[in-house]
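Observations on chain architecture
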Amino acid sequence: MAVSLSLRALPGDMDHPAHASGLLEASDVGSQKDRVVTEEEWLEKWEMGNIGFHKEEGHPLLQKYLDVLLNGRNGLRIFFPLCGKAVEMKWLADMGHSIVGVEISEQAVKEFFSEHSLPYCEEPVPEISGAKMFQSTSGNISLYCCSIYDLSSSIVGKFDGVWDRGALVAVNPCDRQRYASLMISLVEKNSSYLLVTVSYDPNKHKGPPFYVPESEIKSLFGNCCEIRCLEKVDDFSERHKQWGLDYFLEVLYLLKFVA
């Protein structure tokens, strides 16, 4: 069970203050900057059931900060980049919001609809060769099966909110600028973007998920939005211990795109 921690006083600060506070600089990312995970490797993770990143019960940080994402608004268009089969998509759709996701694994997309007993239709995406769009028959959940880099606002429109958990931290480090530029192009002014990153010693684990320093988030998004760290959560588990780590934090940011 995740335990919420103070933003300033985390256990172990005396042992690794820079790490625990999420203040490692870009020069401290170890060998991760050159690490590349191919689409085939991600597809294999789904085929083998190696999806420890999936949360069956949804993510507690989204539940806790839902009001921050919605900001009192109804009927939003909310984007889930690299969505997998995130259960929060169904949850938000049931609240009356329109959900759009993108995922490279067709298996993940189909499992989402089957596990929630949602009927859907499947159709090609004319603008993207080989891409498919799976849409619930109710019309409020549309999942694109393709590379996220094939999307554009002319295809999917723009969004009032983004839930980015397991997306930026899964993108190859060399592609982060490309990813951030795409995400900026897909959000409306006055939109709210909840971003979950992870903090750990990148010299002890090659990723994914990749460590993204706060300084890099500011360089990627800072010119376009206000950035605020909302919470840091101790998410250390046996899985992370097996990776050779001695701490693992989830860090939640709010990116507020102002008019």
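Residues numbered from 1 in each chain as written. Predicted model: local features only at pLDDT ≥ 70, side-chain atom pairs only at ≥ 80, totals over all residues. Heavy atoms only, no water.

Now for the environment of Y200. By the element assignment, Y200 lies in the loop between β8 (187-199) and α9 (214-221). For Y200, a relative accessible area of 0% translates into the label buried. Along the sequence, Y200 and L249 sit 49 residues apart, while their C-alpha atoms lie 6.6 Å from each other. (Helix = DSSP H or I, 4+ residues; strand = E, 2+ residues; numbered from the N terminus. Buried < 20%, exposed > 50% of the residue type's maximum accessible area, 1.4 Å probe, protein only.)

A few words now on the packing of helix α8 (residues 176-186) against α9. Here α8 crosses α9 at 50 degrees, and the two axes come no closer than 9 Å. Taken together, α8 and α9 sit at an angle that is classed as oblique. Crossing hand, α8 versus α9: right-handed. Across from R176, Q177, A180 and I184 in α8, the residues of α9 making contact are E216, L220 and F221. Among the residues making up the contact of α8 with α9, the classes are represented as four nonpolar, one polar and two charged. (Axes fitted to C-alpha atoms, helices over the stretch in contact; angles between N-to-C directions. Parallel < 35°, antiparallel > 145°, perpendicular 65-115°, else oblique. Left-handed = near helix turned anticlockwise from the far one by under 90°. Contact = heavy atoms within 4.5 Å. Nonpolar A, V, L, I, M, F, W, Y, C, P; charged D, E, K, R; others polar.)

Here we come to the state of the cysteines. Following the criterion strictly, the structure yields zero disulfides and no others. With no disulfide partner, C145 has as its closest neighbouring cysteine sulfur the one in C146, 7.1 Å distant. A disulfide-free cysteine, C224 has its sulfur positioned 6.4 Å from the sulfur of C225, the nearest such atom. (Disulfide = S-S within 2.5 Å.)

Here the focus is the confidence of the model for the protein chain. Any residue range with low pLDDT should be treated as having predicted coordinates unsuitable for detailed reading. For the protein chain, the average pLDDT comes to 89, and 87% of its residues sit at 70 or higher. Low pLDDT, under 50, characterises residues 1-23; the stretch is placed with 43 contacts to residues that sit more than four places away or in other chains. (pLDDT = per-residue confidence, 0-100.)

Right, let's get into α8. Of all the residues in α8, the buried ones are R176, Y179, A180, L182, M183 and L186. Each buried residue of α8 sits inside an arc of 160 degrees when the element is viewed along its axis, so together they form one side. Where the residues of α8 are buried, they touch β2 (77-80), α7 (153-156), β7 (159-165), β8 and α9. (Arc of directions from axis to C-beta.)

With five of seven residues buried, β7 is to be regarded as a mostly interior element. In the sheet, β2 pairs with β7 via two bridges, with the strands oriented parallel. In the strand pairing of β7, F79 is matched with V162. (Pairing = 2+ DSSP bridges.)

On to the pattern of salt bridges, then. The full count for this structure, using the stated rule, is 12 salt bridges. The shortest N-O distance in the salt bridge between E214 and K218 comes to 3.6 Å. Linking E214 with K218, this pair stays in helix α9, spanning four residues, or about one helical turn. Each of E106, K110, E122 and K132 takes part in salt bridges that share partners, so that together they form one network. (Salt bridge = Lys/Arg side-chain N within 4 Å of Asp/Glu carboxyl O.)

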